[in-house]
Protein chains: 2
Amino acid sequence: MRNLSAKLLAILLGLAPQIQVQADASEPVLLIHGGAGTLSRDEMTLERETEFRRGLMRALQKGYRVLDGGGTAVDAVSAAIVSMEDDPLFNAGRGAVFTGGGRNEMDAAIMDGETRAAGAVAGVRLVKNPILLAMAVMQDSPHVLLTGNGAEEFALARGIELRPPEYFRTEARWKQLMRRLESTAERAPTPDRVGTVGAVALDRHGRLAAGTSTGGMTGKRWGRVGDSPIIGAGTYAANPECAVSATGHGEYFIRAVVAYDICARVRYQGLEPEQAARQVILDDLVKMGGDGGVIVLGGDGEFSTIFNTNGMYRGVIDGPNRARVAIYLDETL
Amino acid sequence: MRNLSAKLLAILLGLAPQIQVQADASEPVLLIHGGAGTLSRDEMTLERETEFRRGLMRALQKGYRVLDGGGTAVDAVSAAIVSMEDDPLFNAGRGAVFTGGGRNEMDAAIMDGETRAAGAVAGVRLVKNPILLAMAVMQDSPHVLLTGNGAEEFALARGIELRPPEYFRTEARWKQLMRRLESTAERAPTPDRVGTVGAVALDRHGRLAAGTSTGGMTGKRWGRVGDSPIIGAGTYAANPECAVSATGHGEYFIRAVVAYDICARVRYQGLEPEQAARQVILDDLVKMGGDGGVIVLGGDGEFSTIFNTNGMYRGVIDGPNRARVAIYLDETL
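*Asks:* For this particular structure, what's the right way to read the relation of the copies chain A and chain B?
*Replies:* The operation relating the pair of chain copies consists of a rotation about an axis and a translation along that axis. Of the transformation placing chain A onto chain B, the axial shift is 0.0 Å and the rotation is 180°, giving an RMSD of 0.0 Å. The superposition of one copy onto the other is thereby described by a two-fold rotation axis. Within chain A, the C-alpha atom positioned nearest to the axis of rotation is that of Y268 of chain A, 3.0 Å from it. Interface overlap between copies: 100% of the residues of chain A at the interface are likewise at the interface in chain B, consistent with a symmetric, same-surface contact.

Here is the structure:
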């Protein structure tokens, strides 16, 4: 527990214990999330909790292997997100939530902080790993954002793995949709805040990157797209200021340009990324009525996870055998 | 010419003559654009130039009527943009450019600076006025961004006017596509910078709004979406800082989060909107290699049009019979 004094200070100041200071900036860091939302111990079984912690751990290990081998932040972010997309527990890739029409429509984005290159896809249905398609858009197209069938044609042309609709289907998500459709209490779909996945990384060369992947909201209609694939809203990275991946009620995150606003406060006001994230998530967004959170990483390796809900699946690794994960508000990373 | 001293100062300082200062903040202001790009007098016929000036004038009159009658900035922005969408000269609504597949796929966004509410649509094919659909998304849905067929289902459900594909087709745009498809010189579509339309307004109640509408790039593929419908990139408004609508090579505008970055510099650095826009468009964006421009309006009615190309269709009205338009770099508004 080398961050003990920072933690103590945070606790003494009444700041939630999710704030961390990364002391050794030359070491690579990978920070991930698997969604923020109402996560109370009462509603969680030990078995399910253990599964989530394992899923986060696996993603951390996959991503850190890239960083430890001298790979880029972009590749580490992608590896960690692929791991969570393949894991049916998370609302991304396999295990994505269903639209009102009973389909899976997924969104993803990735950004390279060193070059400010970015790639994103929205509304794809057959792409095994939407984050890899976002990578291909960034690295192998003149565009930033591709959507729908067109994005899938691009995937096919670039040899990105496709899967039939049944690959993405899980019984748990289907039941969620059934419950949603049976409930007439509210007209609007509410976000499945718990499940969107994201990662931010700093590699040995000091490059930052950010990525996010999601199935969006259960019961969503009309080709709704949230903040995840919107550069500046759900995903943003720019050296040396910060890398951000968000999760929450996407409409508010778009309107508040959350990811870029955090970096802008760092850039123009000289705030620490953690301070900037606190202002945006715990003040601005709360006033607007938007719930969710972000993971934030600075160019010096300082990281924090800030959320205005009572839980966020999250994890960090900043050295071999230094992976740790957390779920509830009162846990530390 | 009540802005004479500001103009002289701007010219003396070597600042391009498109900078203007709006002295009377209690009066409503409407500022519009019809795209920025390579606009040289040599390649323009007098007839075509006159048509564009008339089209801009019409849009200014339509929007100003709303403001003059005490209407909202959002309604004025929408009225001005509808006028340009209906005008086949501009690359928005009727007269939108064709995709590589020979279709018209349009994007639009609108944002209310007072409430930071926003609505946007991407990849719609049959909606007569995409800006009106964006308005409906903002005012009559729980979402911010709807895409593709889903957005059209929403349009149908909300009684938004639809038109068959041939309504949008113009011979000039079809020829542009044919030229593009015949040219094997380059693989990537280049933006039709000239034609995207946008408006920013300040109403009598001090509310700001911004909107943008476009057909995107001739020959675009893969469901490509540019910056216009991306809140923070091509469109952004927040009282009291500023309202911005952008036009240009959308990929760069997304990566640089242009519209919000301008407002962030106003908010966090205390810059005037015009200074902020100059930094972003003439410095940051030029370094990245992205060409285009923005129209920017501050909460005090100060307006400016900043572009790094040699022309931008633009116009402003800030009083009855005070409408004026410009095309080339050396013209003043």
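*Asks:* Hey, could you run me through the interface of chain A and chain B in this one?
*Replies:* Accessible area lost on assembly of the parts is the figure often given for the size of an interface. Listed per partner, the contact involves 45 residues of chain A and 45 residues of chain B. Note on chain A versus chain B: buried area summed over both sides is about 3,800 Å², and carbon and sulfur give 61% of it. Interface area lost by chain A to chain B is led by W222, R255 and Y268 of chain A, which between them contribute 22%. Here R267 of chain B makes a salt bridge to D284 of chain A, at a shortest N to O gap of 3.5 Å. Applying the counting criterion to the chain A and chain B interface returns 19 residue pairs in polar contact (both at pLDDT 80 or more). Put simply, the parts of the chain that give the side of chain A that touches chain B at least two residues each are β3 (117-124), β4 (145-147), α5 (148-157), β7 (224-225), α8 (250-255), α9 (258-269) and α10 (273-288) of chain A.

*Asks:* I keep staring at the packing of aromatic side chains and nothing clicks. Help me out?
*Replies:* All names here are of chain A. Counted under the stated rule, the structure contains 13 aromatic pairs over all chains. Aromatic side chains F52 and Y313 sit 4.0 Å apart centroid to centroid with 15° between the ring planes, which places their arrangement in the stacked category. Of this pair, F52 sits in helix α2 (residues 46-68) while Y313 sits in strand β12 (residues 311-317), and the two are 261 residues apart along the sequence. Under the relative-accessibility criterion, F52 is labelled buried at 2%. In this structure Y313 comes out as buried when scored by relative accessible area, which is 2%.

*Asks:* What exactly am I supposed to notice about the state of the cysteines here?
*Replies:* Defined simply, a disulfide is a covalent bond joining two cysteines at their sulfur atoms. Residue and element names in this part refer to chain A. Taken as a whole and assessed by the stated rule, the structure comprises two disulfides over all chains. A disulfide bridge connects C242 with C263, and the sulfur atoms are separated by 2.2 Å. One disulfide, between C242 and C263, carries an S-S torsion of -125° and so falls in the left-handed class. Of this pair, C242 sits in strand β9 (residues 242-248) while C263 sits in helix α9; the two residues are 21 residues apart in sequence, bridging distant segments of the chain. For the pair formed by C242 and C263, the shared burial category is buried.

*Asks:* Before we go on, may I ask you to explain the sheet that holds strand β11 (residues 303-307) of chain A in this structure?
*Replies:* Picture the strands of a sheet paired through backbone hydrogen bonds; they go either parallel or antiparallel. All names here are of chain A. Strand order in the open sheet made by the four strands is β8-β9-β10-β11, with antiparallel pairing throughout. Each edge of the sheet is formed by a strand with only one pairing partner; in this case those strands are β8 (235-238) and β11. Sheet twist, expressed as the mean angle between neighbouring strand axes with direction ignored, is 10°. Bridging between strand β10 (residues 292-298) and β11 involves five bridges; their strand directions are antiparallel. Bridge assignment links V294 to a residue of β11, and that residue is I306.

What counts as what
Residues numbered from 1 in each chain as written. Chains lettered and ligands numbered in written order. Predicted model: local features only at pLDDT ≥ 70, side-chain atom pairs only at ≥ 80, totals over all residues. Heavy atoms only, no water. Least-squares fit on C-alpha atoms with pLDDT ≥ 70 in both. Contact = heavy atoms within 4.5 Å. Buried area = accessible area lost by both parts, 1.4 Å probe. Salt bridge = Lys/Arg side-chain N within 4 Å of Asp/Glu carboxyl O. Polar contact = N/O pair within 3.5 Å; in protein donor to acceptor, adjacent residues only side chain to side chain. Helix = DSSP H or I, 4+ residues; strand = E, 2+ residues; numbered from the N terminus. Phe/Tyr/Trp six-rings, centres within 6.5 Å; stacked < 30°, edge-to-face > 60°. Buried < 20%, exposed > 50% of the residue type's maximum accessible area, 1.4 Å probe, protein only. Disulfide = S-S within 2.5 Å. Pairing = 2+ DSSP bridges. Axes fitted to C-alpha atoms, helices over the stretch in contact; angles between N-to-C directions.

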